[in-house]
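Here is how the chains run, residue by residue.
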Amino acid sequence: MDAIRSALQPITQNLPVPIRDLGVSLLGTDCYQTLLHDIDLNSTECIKLAVSKGLGIGIIGASSVVKVPQILKLLQSKSASGISFLSYLLETAAYLISLAYNYRQGFPFSTYGETSFILVQNVVIAVLVLNYSGKRTTAGLFVAGLASSAATLFSNEILDMQTLSYLQAGAGVLGVASKIPQIAAVWQEGGTGQLSAFAVFNYLAGSLSRIFTTIQEVDDKLILYGFIAGFVLNAILAAQMVYYWNAPTKKSTKGKQREKITVAASGTTTATPKGKSPTTRRRG
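This structure is a prediction, so every number in the text was calculated from the model and none was measured.

About the criteria used
Residues numbered from 1 in each chain as written. Predicted model: local features only at pLDDT ≥ 70, side-chain atom pairs only at ≥ 80, totals over all residues. Heavy atoms only, no water. Core = buried A, V, L, I, M, F, W, Y, C linked by side-chain atoms within 4.5 Å. Buried < 20%, exposed > 50% of the residue type's maximum accessible area, 1.4 Å probe, protein only. Helix = DSSP H or I, 4+ residues; strand = E, 2+ residues; numbered from the N terminus. Contact = heavy atoms within 4.5 Å. Phe/Tyr/Trp six-rings, centres within 6.5 Å; stacked < 30°, edge-to-face > 60°. Salt bridge = Lys/Arg side-chain N within 4 Å of Asp/Glu carboxyl O.

Participant: Break down the nonpolar core for me, citing the residues and quoting the values.
Facilitator: Grouped together as the largest cluster of nonpolar side chains are 43 residues, with contacts concentrated most on Leu153 and Leu195. Elements with a minimum of two residues in this core: helix 4 (68-77), helix 5 (85-105), helix 6 (114-132), helix 7 (136-153), helix 8 (161-177), helix 9 (179-189), helix 10 (197-217) and helix 11 (221-243). Sequence-distant contacts of leucine 153, that is, excluding residues within four places in its chain, are made with Leu96, Ile97, Ala100, Arg104, Leu159, Leu164 and Leu167. Core analysis: the next-biggest nonpolar cluster, separate from the first, contains five residues, Leu27, Leu35, Cys46 and Leu49 among them.

In structure tokens form, the structure reads like this:
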């Protein structure tokens, strides 16, 4: 270890100022000094903090594209089959409240940054689902309602912090409840339809990682319990994804059955009995 430390310290002790400032802002002065400047790996707390920051940054990076496959599937299929709008409505509301709460509380961006990226992608998906369901007017009202809600939630003059705390408690319930309509939709469809496996499994990994980062960096039980409950329901949704991986939906199965009935009906013709044809010859 001493040999590695001797080799690395000339580099870590002479990092460019922007990189050093970034490291201090993420780890704090003490942990930056311990882990990077002195390369002392005996500090368990600093190592946990570094792992938490790394996970947080990774989650934020992954969240910027986590629902892009879902958006692409909707655009390509032009169908909202298997997608619950109610699920996205509840989740979007929960994320908007959580984003405002974390921002106004001054929590580190690495502990909630993915919320902003997923929120934007949720809005796009919800609008597409409404559009492909023939509800364009509702889609416009949905976006307008979100904009006015955001203006209210982020304003200190309109909404005080105490009220926002109550809303955050409700957001935890909304976040959990948002998974239930999607789970029910998959069960009713008998398949996952246009649901993206990439998004489902990334949500599962992200919610598990967020439990760790919240314990390490945020002393807020409301947020922690929300992530724990979310992880449980994400696990159920992931299990459904595995179970229904190659299963056709009930709708497609019914469609195939109707096609078979139609083909069978068209193949059955009314037989004319074989017999003597009527004659025009006179008898006399």
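Participant: So, the packing of aromatic side chains: which residues are in play, and what are the values?
Facilitator: Tallying each qualifying case throughout the model produces five aromatic pairs. Summarising the aromatic geometry, the rings of phenylalanine 85 and phenylalanine 142 are spaced 5.7 Å apart at their centres and angled 75 degrees between planes, so their arrangement reads as edge-to-face. Of this pair, phenylalanine 85 sits in helix 5 while phenylalanine 142 sits in helix 7, placing them 57 residues apart in sequence. A relative accessible area of 9% places phenylalanine 142 in the buried class. An angle of 85 degrees between the planes, with centres 4.9 Å apart, marks the rings of tyrosine 243 and tyrosine 244 as edge-to-face. Residue classification places tyrosine 243 among the exposed positions, given a relative accessible area of 65%.

Participant: So, the pattern of salt bridges: which residues are in play, and what are the values?
Facilitator: Side-chain pairs of opposite charge can arise where the charged atoms are in close proximity. For the coordinates displayed, the defined rule picks out three salt bridges. Between lysine 67 and glutamate 91 there is a salt bridge whose closest N-O contact spans 2.8 Å. With lysine 67 in the loop between helix 3 (44-63) and helix 4 and glutamate 91 in helix 5, this residue pair connects regions lying 24 residues apart in the sequence. There is no split in this pair, since lysine 67 and glutamate 91 are both buried. A salt bridge links arginine 210 to glutamate 114; its shortest N-O distance comes to 2.6 Å. Taken together, the positions of arginine 210 in helix 10 and glutamate 114 in helix 6 put the pair 96 residues apart, joining distant regions of the chain. Glutamate 114 matches arginine 210 in its accessibility class, with the two residues each being buried.

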